[in-house]
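Chains, contacts and geometry: an overview
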Amino acid sequence: MGTFKRTTMEPAIIVIFGATGDLARRKLFPALFNLYLNRLLPANFAVVGLGRRLTGQEQFISSVTEAIREHSRQIAPSECQDFLKHLFYLQLDIQNTEDWERLVSFLSELDLTHQTNGNYLYYLSVSPEQFVPIITRLEAVGLNKAGPTSWRRVIIEKPFGKDLASARQLNQALTAIFDEDSIFRIDHYLGKGMLQNILTIRFANSVFEDVWNYKYIDHIQIRASETVGVEDRGPYYDQTGALRDMVQSHLLQSLTLIAMEPPLNLGAEAIRDEKVKVLRSLAPIPEESFAAQVVRGQYGPGIINGQRVKGYLEEDHIAPGSRTETFVALKLFVQNYRWAGVPFYLRTGKRLPEKSFEIIVQFKKLPGVMYFGSGDEIEPNILAITIQPQEGVIFRFNTKDLLSPDERVKPKYMDFTENDSGRTAPEAYERLLYDALNGDSTLFTRWDEVEYSWQFVDRIAQVWQSQPFGPLLYPANTWGPREADLMLARDGRKWITL
Ligand code: BG6
């Protein structure tokens, strides 16, 4: 899977819609700056920020400077000055035809002065209802059309639709204007180093592949927890909820990487072909199994660091009595030969006690003949892939504790994780911007992946809608409703913490 392959990059202009928004400030400009510092941007490039809020170049440059100072993982003031020389701002109201005409001439002038060969990468870092109006305008002024030796690409932020029907509409509009090869549907989790590493761990080590199936694996847990609440994203989040915000994208994408068959090669299409097969194999959850396989929760008030924090319903811009879920736990099955009968437990939520993302593979217990009755704890083997905040792999295995007088068998941990709190590893957005500039779509989702994951998620949302009750309340700073623990306890299992 291709990132930072150090190809000779083609020159390009990166055009950011929503350049004054939160994502651009926290992620996109810092990512571009880090690529620049690491010589991973083309020799000839320009970045055009488009927005409504700021009026001119000076304000824009000072807001980007501040964004880099606050959020960049590397700081280098003199290089920052050089980087900023490549940045330009244009005020654009997407309803205003004259603004679009100005954009066309602005880009063609920059293209000449910066010798960018007519290559434009558009980044739609805007709210979802603006996606279609923007691409329609791009087409109307001819900015989607490349010359014979140049390209036009578009990166679409998530959420890609809010259900299957709206995702289909968006996709139809997009594919009428851009080729599939030029469309980059982002799921920033795919840019996280350890998620990409799953395929390497699975397919570059002979020890794993033979045991990676229902015969040896007891179950798998995929867990994304956050300490934050909805913050200032109430208007978006209240329409969305954890199922659409996290499960449809990040969690199901992670599941495909864990469960997929070996691809024909490491090319984008071969990998995505296998991921789609996993999504197609997800067994729909029948309504009568919801009590056993689906838990939805919503955080209430709670205490964090001695301070009271608001419950979801008290947050800004949340509809009174909202039934939007901030927590989901699911028990899923991938119905194919490899995974028959192996449960995949997914859990995600806001206002949980820690921020982390982990995948736990628990192997089956031994028959218990050898150590039966000896009193030794023979714990099943576990392979934990930790994506954040630690990055790496932990393997739990049993060995004699040679330091104890009775040399009992004890579980031990081989820990190959590194803490990335010093932010040395590239951020997800760096990898993804770099790949889009190189036309490599491996780490972006193909339309059929989006389609099948919405299909799965929509069924759950529909059942919820028809239920007379809403989500279960859990106090902020706890691990969600206890029903999520009971769901595993009924199967004789528990959420594993290492
Ligand atoms: C986003 C969701 O896609 O991912 C947010 O919309 C969530 O609700 C975020 O907070 C988490 O991303 P990360 O990289 O901080 O784990």
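Keep in mind it's a predicted model, so treat the numbers as computed, not measured. (Residues numbered from 1 in each chain as written. Predicted model: local features only at pLDDT ≥ 70, side-chain atom pairs only at ≥ 80, totals over all residues. Heavy atoms only, no water.)

**Quick notes on the sheet that holds strand β3 (residues 87–91)**
Backbone-to-backbone hydrogen bonds pair the strands of a sheet. The strands run either parallel or antiparallel. The six strands are arranged β3-β2-β1-β4-β5-β6 in an open sheet whose pairing can be described as parallel. Strand pairing shows two members of the sheet lacking a second neighbour, β3 and β6 (183–185), which therefore form its edges. Sheet twist, expressed as the mean angle between neighbouring strand axes with direction ignored, is 20°. Across six bridges, the pairing between strand β1 (residues 12–17) and strand β2 (residues 45–51) is parallel. Residue pairing for β2: I13 is matched across the bridge by A46. Contacts from helix α2 (residues 57–71) reach β2 and β3, with the element oriented near 125° to β3. (Pairing = 2+ DSSP bridges. Helix = DSSP H or I, 4+ residues; strand = E, 2+ residues; numbered from the N terminus. Axes fitted to C-alpha atoms, helices over the stretch in contact; angles between N-to-C directions. Contact = heavy atoms within 4.5 Å.)

**Quick notes on empty space enclosed by the protein**
The gaps of empty space that remain are located by a probe, the size of a water molecule, rolled over the atoms. Taken as a whole and judged by the stated rule, the model has two cavities of 30 Å³ or more. Lining the largest cavity are 15 residues, with I186, Q248, S249, T445 and V450 sitting closest to its centre. Secondary-structure elements contributing two or more residues to the lining of the largest cavity are α10 (241–259) and α14 (447–466). In terms of residue class, the lining of the largest cavity is made up of five nonpolar, five polar and five charged. What the second largest cavity holds in volume is close to 40 Å³. Forming the walls of the second largest cavity are R223, S225, R347, E354, S356, E358, W479 and T497. In terms of residue class, the lining of the second largest cavity is made up of one nonpolar, three polar and four charged. (1 Å grid on protein atoms, 1.4 Å probe; cavity = no way out; pocket = protein on both sides within 12 Å on 5 of 7 lines; lining within 4 Å. Points joined across faces, edges and corners; volume = space filled by probe spheres on them. Nonpolar A, V, L, I, M, F, W, Y, C, P; charged D, E, K, R; others polar.)

Don't take any of this as a statement about function, it's just geometry.
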